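Now for the letters of each chain:
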Amino acid sequence: MRKRLFLIMFILMACNSPEQKMKLDPNDPQFSEKARAIHQKSILVDTHIDIPYRITHENVDISQRLADGHFDLVRAKEGGLDAPFFAVYVSSKFNQPGTDTAAKGGAYAEALRIITMIDSVVSASENLAESAISPGDVERIVGVGKIAVCMGMENGAPIEGDIQKLADLYQRGIRYITLTHAKDNHISDSSYDERHTNKGLTEFGKKLIVEMNRIGMMIDVSHISDDAFWQVMELSNAPVIASHSGLRTFRHMERNMSDSMLVALAKNGGVFQYNFGSYFITDDYGVPADSYWSVQDSLNRKFQNDHEKAVSLFEEYKKAHPAPNPDIDEVVRQLDYAIKLIGVDHVGLGSDYDGVNEVPVGLEDVTKYPVLTEKMLALGYTAADIEKINGGNLLRVWKAVEQLKL
Ligand SMILES: [Zn+2]
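Just so it is clear, the structure is predicted and the values come from calculations on it, not from any experiment.

## As for the pairing of strand β8 (residues 271-274)
For step 1, the next point in the chain: Neither face of β8 is left uncovered, since the one carrying Val-271 and Gln-273 and the one carrying Phe-272 and Tyr-274 both have all their residues buried.
For step 2, the next point in the chain: Strand direction decides the pairing type here: strand β7 (residues 241-245) and β8, joined by 3 bridges, are parallel. Within β8, the residue paired with Ser-245 across the bridge is Tyr-274.
For step 3, the next point in the chain: After leaving β7, the chain enters helix α10 (residues 259-267) and then returns to the sheet as β8, a path that is right-handed.
For step 4, the next point in the chain: As defined by bridge partners, β8 adjoins strand β9 (residues 347-349) across 3 bridges and the pair is classed as parallel.

As structure tokens, then:
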């Protein structure tokens, strides 16, 4: 009981006094306890959790602790994750026919199917979670000890060239849209698609940016090409987010953000949400890992009738081309780099949990966020800084986008 009283007193002090600005000494015997209190107090928002994909494809029950994967509501609670944005991921194969050889249409129906599924999963877990469609909702739901499930849509294809569908998706609870995913679509070019069909945004995409500002839908610049990013910077009157991106300085790929893009994002008032996928963190991991797909594919084709041979040759290849997994300290180093570059008001967390194959050692799943908080505190960040990084920045941007809507 006394311990609890101490904790409450500490939290109250952290709320109101200059204590919040004070740095914590990692040698302080109560460091861990203080770190835990700061973590508990912060509203932790993670802008990219791919669990809907697992629910759809593996029918997992997120109200139970799952033995594998990165997320479920039980572990989220344990890790102090208050507001996960579930990714309504619509594969590029649903893009409008004609935009790509594999595109077959049906994106809007696919988005509605996933949204309906999320709605029913959240209602079925009403003792643990509730749907949130505003920063006010998040604060209220977290205030009663539940997890506030928000939704972002990954790939703008479901808008299908119809501005009304943007409004309908907002109505259904989508609060950010990643303009595209792996392929150029009818809105924007993708960083992954070498065609760069429209040298950035399409004419419809440019109109859509204005409309997203108007209705209060957050714009997500993760996945889009550099040209598209700079055009969004020109066009958007509201701050934007990068819901799950990495740093190009450390992992050289267009999918990640360059320093100059980060500076522009901060100038726009937006927030860069750091991706935990090992693939996005270092070249040491990402470059060899990248080659695995094609090597495995060609071995499987070459040894169609001898699966064991294909597997053993692939294992040999991996041994000869190791992909050392980064650890949580590398993540902390990169977060610190980003914060030094663009300021503590513009960096947050967008893990991509359950959307990536490999995550760093020490960040194995959603129970690990408290370790990140502890390490950031040990590095000299204050309670106030941590609150911003853990979710305050994202909530600030979300509020600004809502206030700027017409
Ligand atoms: Zn993604």
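## Re unusual backbone geometry
For step 1, the next point in the chain: One non-glycine residue, His-196, adopts positive backbone phi at about 45 degrees.
For step 2, the next point in the chain: Counting through the fold element by element, His-196 comes out in the loop between β5 (174-178) and α8 (203-215).
For step 3, the next point in the chain: With 16 C-beta atoms packed within 10 Å, His-196 lands in the partly exposed category.
For step 4, the next point in the chain: One non-glycine residue, His-223, adopts positive backbone phi at about 80 degrees.
For step 5, the next point in the chain: The buried category is assigned to His-223, around which 27 C-beta atoms lie within 10 Å.

## Examining the domain arrangement of the protein chain
For step 1, the next point in the chain: Domain assignment breaks the protein chain into domain 1 (32-282 + 326-404) and domain 2 (283-324).
For step 2, the next point in the chain: Computed from C-alpha coordinates alone, the two centres of domain 1 and domain 2 are separated by 30 Å.
For step 3, the next point in the chain: Between domain 1 and domain 2, the contact holds 7 residues from the first and 5 residues from the second.
For step 4, the next point in the chain: Looking at the side of domain 1 that touches domain 2 residue by residue, the classes come out as 3 nonpolar, 3 polar and 1 charged.

## Side note on α8
For step 1, the next point in the chain: Compared with the 18 Å implied by 1.5 Å per residue over 13 residues, the 19 Å span of α8 between its first and last C-alpha is a close match.
For step 2, the next point in the chain: Gly-205, Leu-208, Ile-209, Met-212 and Asn-213 are the residues of α8 that are buried. One side of α8 carries all its buried residues, which in axial view fall inside an arc of 135 degrees. Of the residues in α8, the exposed ones pointing more than 90 degrees away from the buried face are Glu-203 and Val-210.
For step 3, the next point in the chain: Among the structural elements, α7 (163-171), β5, β6 (218-220), α9 (226-235) and α15 (383-404) are those in contact with the buried residues of α8.
For step 4, the next point in the chain: Directly beyond the C-terminal end of α8, a positive phi value near 85 degrees is found at Gly-216.

## Looking at the packing of helix α14 (residues 369-378) against α15
For step 1, the next point in the chain: Interaxial distance between α14 and α15 falls to 10 Å at its minimum, and their mutual angle equals 145 degrees. The handedness of the crossing between α14 and α15 is right-handed. Contact with α14, carried on its side by Thr-373, Met-376 and Leu-377, involves Ile-386, Ile-389 and Asn-390 of α15 and no other residues of that element.
For step 2, the next point in the chain: Grouping the constituent residues of the contact of α14 with α15 by class yields 4 nonpolar, 2 polar and no charged.

## Things to note about the environment of Glu-139
For step 1, the next point in the chain: For Glu-139, the location among the structural elements is in helix α6 (residues 135-143).
For step 2, the next point in the chain: Glu-139 sits 57 residues away from Asp-82 along the chain, and the two C-alpha atoms are 9.3 Å apart.

Calculation criteria
- Residues numbered from 1 in each chain as written.
- Predicted model: local features only at pLDDT ≥ 70, side-chain atom pairs only at ≥ 80, totals over all residues.
- Buried ≥ 20, exposed ≤ 12 C-beta atoms within 10 Å, placed from the backbone.
- Helix = DSSP H or I, 4+ residues; strand = E, 2+ residues; numbered from the N terminus.
- Pairing = 2+ DSSP bridges.
- Right-handed = clockwise from strand over helix to strand, strands pointing away.
- Domains from an automatic or database assignment.
- Contact = placed C-beta atoms within 7 Å.
- Nonpolar A, V, L, I, M, F, W, Y, C, P; charged D, E, K, R; others polar.
- Expected span 1.5 Å × (residues − 1).
- Arc of directions from axis to C-beta.
- Axes fitted to C-alpha atoms, helices over the stretch in contact; angles between N-to-C directions.
- Left-handed = near helix turned anticlockwise from the far one by under 90°.

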